[in-house]
There are 2 protein chains.
Amino acid sequence: MELWFTERHTPYVKFSINVDRQLYCGQSDFQRIDVFDSKEFGRILTLDGYIMLTEKDEFIYHEMITHVPMAVHPCVRRVLVIGGGDGGTVRELVKYNTIEHIDLIEIDELVVKVCKKYLPQTACRLDDPRVHIHYEDGLKYTRRHENEYDLILVDSTDPFGPGEDLFTKEFYGNCYKALKEDGIMVNQHESPFYENDAEAMQRAHKRIAQSFPISRVYQAHIPTYASGHWLFGFASKKYHPIRDFNSAAWNVLCIPTKYYNTKLHVGAFALPTYVEDILKAVE
Amino acid sequence: MELWFTERHTPYVKFSINVDRQLYCGQSDFQRIDVFDSKEFGRILTLDGYIMLTEKDEFIYHEMITHVPMAVHPCVRRVLVIGGGDGGTVRELVKYNTIEHIDLIEIDELVVKVCKKYLPQTACRLDDPRVHIHYEDGLKYTRRHENEYDLILVDSTDPFGPGEDLFTKEFYGNCYKALKEDGIMVNQHESPFYENDAEAMQRAHKRIAQSFPISRVYQAHIPTYASGHWLFGFASKKYHPIRDFNSAAWNVLCIPTKYYNTKLHVGAFALPTYVEDILKAVE
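Here the structure is a predicted model, which is why all the values come from computation and not from measurement.

About the criteria used
Residues numbered from 1 in each chain as written. Chains lettered and ligands numbered in written order. Predicted model: local features only at pLDDT ≥ 70, side-chain atom pairs only at ≥ 80, totals over all residues. Heavy atoms only, no water. Helix = DSSP H or I, 4+ residues; strand = E, 2+ residues; numbered from the N terminus. Rg over C-alpha atoms; globule rule 2.2 N^0.38 Å. Buried < 20%, exposed > 50% of the residue type's maximum accessible area, 1.4 Å probe, protein only. Contact = heavy atoms within 4.5 Å. Areas by Shrake-Rupley, 256 points an atom, 1.4 Å probe, with all protein chains shown as cover. Axes fitted to C-alpha atoms, helices over the stretch in contact; angles between N-to-C directions. Parallel < 35°, antiparallel > 145°, perpendicular 65-115°, else oblique. Nonpolar A, V, L, I, M, F, W, Y, C, P; charged D, E, K, R; others polar. Pairing = 2+ DSSP bridges. Buried area = accessible area lost by both parts, 1.4 Å probe. Salt bridge = Lys/Arg side-chain N within 4 Å of Asp/Glu carboxyl O. Polar contact = N/O pair within 3.5 Å; in protein donor to acceptor, adjacent residues only side chain to side chain. Core = buried A, V, L, I, M, F, W, Y, C linked by side-chain atoms within 4.5 Å. UniProt positions renumbered as here; feature names shortened; annotations may be inferred. Phe/Tyr/Trp six-rings, centres within 6.5 Å; stacked < 30°, edge-to-face > 60°. Lys NZ or Arg CZ within 6 Å of the ring centre and 35° of its normal. Least-squares fit on C-alpha atoms with pLDDT ≥ 70 in both.

**Student:** Please explain the overall build of chain A as it appears in this structure.
**Tutor:** A tally of helices and strands in chain A yields 10 helices and 12 strands. For 283 residues, the compact-globule formula gives about 19 Å, and the C-alpha radius of gyration of chain A, at 18 Å, lands near that figure. Its C-alpha atoms give chain A principal-axis dimensions of about 55 × 45 × 35 Å. Out of the 283 residues belonging to chain A, those deemed buried represent 65%. The long-range share in chain A, meaning contacts at least 24 apart out of those at least 6 apart in sequence, stands at 67%. Summed over all atoms, the accessible surface of chain A reaches about 10600 Å², with 48% contributed by carbon and sulfur.

In structure tokens form, the structure reads like this:
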């Protein structure tokens, strides 16, 4: 038997993965959740039919959303993660002893339950005593917080469906307010390649650049996301991602990584000319 | 009607592009050649069913194979291109006035004919008077040349089928010999992500590192190649790709590019840790 999961990256491009079996299929109040097992990618989590992560390449996304800001901010104690119910971002964060408190705001409790059961590779550290999970809407949560976090990681789905609010000007303004005076926000920033993704990326960048004094974009190779070329937004009140980056300080921590390293940290901010052009048009 | 071109990136991963129509289909002595037209990628050239280029993203590959070495070597006059019958690499090379002579060694005359007819975007500069096309085997050609070229670009297919010889130790040794004392060779170096590609990449790197005193690898985002994460090998007798790189000198040339820029030049050599590990294992 052949069983293929297919995702449309655009109406004209399909990416298909041969799966051994479907391990889980459920419908929450917010979205459809599926887990598959596959030879090439190990376990795969999809939400509303879109790949959120695979065991083979999730390390790239989770390392890059976490370690880039952690290597810039000199002392992160309190972190807010919006989304990220799979636990991959938390797994990277708890590698830092300086972090005292992590609030994880996941709108969909079922995502956490399913990941704890089927994706221990990412969910393995959600029970760390520093981690506090709140099942509520990320936009609403940020309205009530002020001058509280050193770092906010927006580990959201795409800007349609449950993740839509996390790409609005109001949300970025709330994050600015919820950060301390030297706080950093990093968000998953979509892809520059296919037209619709690039438009979403440009819209997000415009709103973030209007909300934060420092707003830079960095890139990673994520094979199971559309086009494989994925971006992150680095928004900051005080620290510059390169000028305030202390590679020696990060390297002495000896944090194990498979993608991130301090040379790549700098390289990731060197974007192709066509991407720079899209960003500059709204800066 | 729906018409889909599908390429297997591995036995378990398929990448499919909706095509409007097939513009050409032919069989040469070496391979099957097809040209398609598509909404998402414009025209597409495939050889034996593998995507060689699409009009939408070919600029990334052709700029990165060409401009990285051109920005390092202080004065390139004679260039050898092995493969590259589509003309994209030549199109980038002829932007440099210093280049006096380009030998293009393409084993398959039909590829050039088809590209001249259906892919003017890449083949447009094959008639430049500095370009000399030789329809012969690249390995055999390099056996007869010594101390002749400033730059060799190995713009080959994958290490199976007609391109197989261009990944051998003998071929890299021939290239070393065909280069002048400060010559540079750049080759398409496969991908680090899927297992078979990564093995081919590691084998190539081992052979190149044994043949050249300086051997570094750099990366680009090429969405229509397997995993989107593609590598190039920079092999050199004298010049280091970063230490001998003169960004100011390149920028005054005002060469128009959409992907390459001098900041990205440096960034492209900053590889993920897992890729560095694969390379170091054979250095």
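On we go.
**Student:** Would you take a moment to explain the packing of helix α7 (residues 195-211) of chain A against helix α10 (residues 273-280) of chain A for this structure?
**Tutor:** For any two helices packed against each other, one specifies the inter-axial angle together with the distance between the axes. Residues and elements named next belong to chain A. Following both chains from N to C, one finds α7 and α10 inclined at 50°, their axes separated by 9 Å at the closest point. As the angle between them shows, α7 and α10 are arranged oblique. Where α7 abuts α10, its residues A198, M201, Q202 and H205 lie against V275, I278 and L279. Taken together, the residues of the contact of α7 with α10 break down into five nonpolar, two polar and no charged.

**Student:** How should I be thinking about the pairing of strand β4 (residues 42-47) of chain A in this particular structure?
**Tutor:** Side chains on a regular strand alternate between the two faces of the sheet. All names here are of chain A. Burial runs high along β4: five of the six residues are buried. Looking at chain direction, strand β3 (residues 32-38) and β4 are connected through six bridges and run antiparallel. The partner of F36 across the bridge, within β4, is I44. Counting the residues that bridge the hairpin from β3 to β4 gives three residues.

**Student:** Sorry, what's going on with the interface of chain A and chain B here?
**Tutor:** Interfaces are often sized by the amount of accessible area the parts lose when they come together. Counting from both sides, the interface comprises 43 residues of chain A and, opposite them, 43 residues of chain B. A buried area of about 3600 Å², summed over both sides, lies between chain A and chain B, and 62% of it is on carbon and sulfur atoms. Looking at the side of chain A facing chain B, the largest losses of area belong to Y12, F193 and H221 of chain A, adding up to 20% of the total buried there. There are zero salt bridges connecting chain A and chain B. Summed over the shared surface of chain A and chain B, the number is 21 residue pairs in polar contact (both at pLDDT 80 or more).

**Student:** For this particular structure, what's the right way to read the nonpolar core?
**Tutor:** Nonpolar side chains in soluble globular proteins generally cluster together in the buried interior. Ranked by internal contacts, the top residues of the largest apolar core, which has 154 residues, are M64 of chain A together with M64 of chain B. When residues no more than four places from it in sequence are discounted, the contact partners of M64 of chain B are P69, Y218, Q219, A220, F232, Y259, Y260, L264 and A268 of chain B.

**Student:** Any chance you could explain the environment of V111 of chain B here in plain terms?
**Tutor:** Residue and element names in this part refer to chain B. Relative to the assigned elements, V111 resides in helix α3 (residues 109-118). V111 sits 168 residues away from L279 along the chain, and the two C-alpha atoms are 33 Å apart. Setting aside residues up to four positions removed in sequence, V111 forms contacts with Q31, I33, L47, G85, D86 and E106.

**Student:** I tried to follow the UniProt feature "active site" (unreviewed entry) in chain A on my own but got confused; where do I start?
**Tutor:** Residues and elements named next belong to chain A. The sites that UniProt annotates as "active site" (unreviewed entry) are D155. Relative to the helices and strands, D155 is located in strand β9 (residues 149-155). Of the residues examined, D155 reaches a relative accessible area of 7% and is grouped as buried. If we skip the residues at most four places from it in the chain, D155 touches Y61, H62, I65, V81, I82, G83, G84 and T89.

**Student:** When you look at the sheet that holds strand β8 (residues 131-134) of chain A in this model, what are you seeing that I'm missing?
**Tutor:** Sheet strands line up and pair through hydrogen bonds in the backbone, either parallel or antiparallel. All names here are of chain A. Pairing in this open sheet of seven strands is mixed, and the strands run β8-β7-β6-β9-β10-β12-β11 from one edge to the other. Two strands close off the open sheet at either side, each with one partner strand: β8 and β11 (214-221). On average, each strand axis in the sheet is inclined to that of its neighbour by 15°, with strand direction left out of account. The pairing of strand β6 (residues 78-83) with β9 spans five bridges and is parallel. Within β9, the residue paired with V81 across the bridge is L153. Contacting β10 (179-188), β11 and β12 (229-236), α7 crosses the sheet at an angle of about 150° to β11.

**Student:** Quick question: what am I supposed to make of the sheet that holds strand β9 (residues 131-134) of chain B here?
**Tutor:** Residues and elements named next belong to chain B. Pairing is mixed in the open sheet, where seven strands are placed in the order β9-β8-β7-β10-β11-β13-β12. Here the strands that pair on one side only, and so sit at the sheet edges, are β9 and β12 (214-221). Recorded for the sheet is a direction-independent mean angle of 15° between the axes of neighbouring strands. Here strand β11 (residues 179-188) runs beside strand β13 (residues 229-236); their pairing, made up of five bridges, is antiparallel. The residue of β13 that forms the bridge with Q188 is F232. Contacting β10 (149-155), β11, β12 and β13, helix α1 (residues 58-70) crosses the sheet at an angle of about 160° to β10.

**Student:** Even after reading the chapter, I still don't get the pattern of salt bridges, so can you show me in this structure?
**Tutor:** Oppositely charged side chains can pair when the atoms bearing their charge come close. Within the structure shown, the criterion is met by 26 salt bridges over all chains. With its nearest N and O atoms 3.1 Å apart, the salt bridge here joins R125 of chain A to D128 of chain A. The exposure class assigned to R125 of chain A is partly exposed, which follows from its relative accessible area of 34%. In this structure, E58 of chain B engages R91 of chain B in a salt bridge whose closest nitrogen and oxygen atoms are separated by 2.8 Å. With E58 of chain B in helix α1 and R91 of chain B in helix α2 (residues 88-93), this residue pair connects regions lying 33 residues apart in the sequence. We note that E58 of chain B, like R91 of chain B, is buried.

**Student:** In this structure, what is going on with the packing of aromatic side chains? I would like to understand it.
**Tutor:** The relation between two aromatic rings is expressed through the spacing of the ring centres and the mutual angle of the planes. In total, this model carries 33 aromatic pairs over all chains according to the counting rule given. On the basis of an interplanar angle of 85° and a centroid distance of 5.7 Å, the ring pair of Y274 of chain A and F59 of chain B is categorised as edge-to-face. With one member in each of two chains, Y274 of chain A in helix α10 and F59 of chain B in helix α1 form a pair that bridges those chains. Here the aromatic residues Y61, Y218, Y225, W230, F232, F234 and F269 of chain A are joined through ring pairs into a cluster of three or more. Against the face of F193 of chain A rests K56 of chain B, its NZ or CZ located 4.7 Å from the ring centre.

**Student:** Sorry, what's going on with unusual backbone geometry here?
**Tutor:** When glycine is set aside, most residues are seen to have a negative phi, and most peptide bonds are trans. Phi at S227 of chain A takes a positive value of approximately 75°, unusual for a residue other than glycine. Look at S227 of chain A and you get buried, because its relative accessible area is 6%.

**Student:** Any chance you could explain the relation of the copies chain A and chain B here in plain terms?
**Tutor:** One copy of the chain maps onto the other through a rotation about an axis plus a displacement along that axis. When chain A is fitted to chain B, the best match, at an RMSD of 0.0 Å, comes from turning it 180° and sliding it 0.0 Å along the axis. Expressed as an axis order, the relation between the two copies is that of a two-fold axis. Measuring from the rotation axis to each C-alpha of chain A, the shortest distance belongs to G267 of chain A, at 1.8 Å. Most of the interface of chain A is mirrored in chain B, where 100% of its interface residues are also at the interface.

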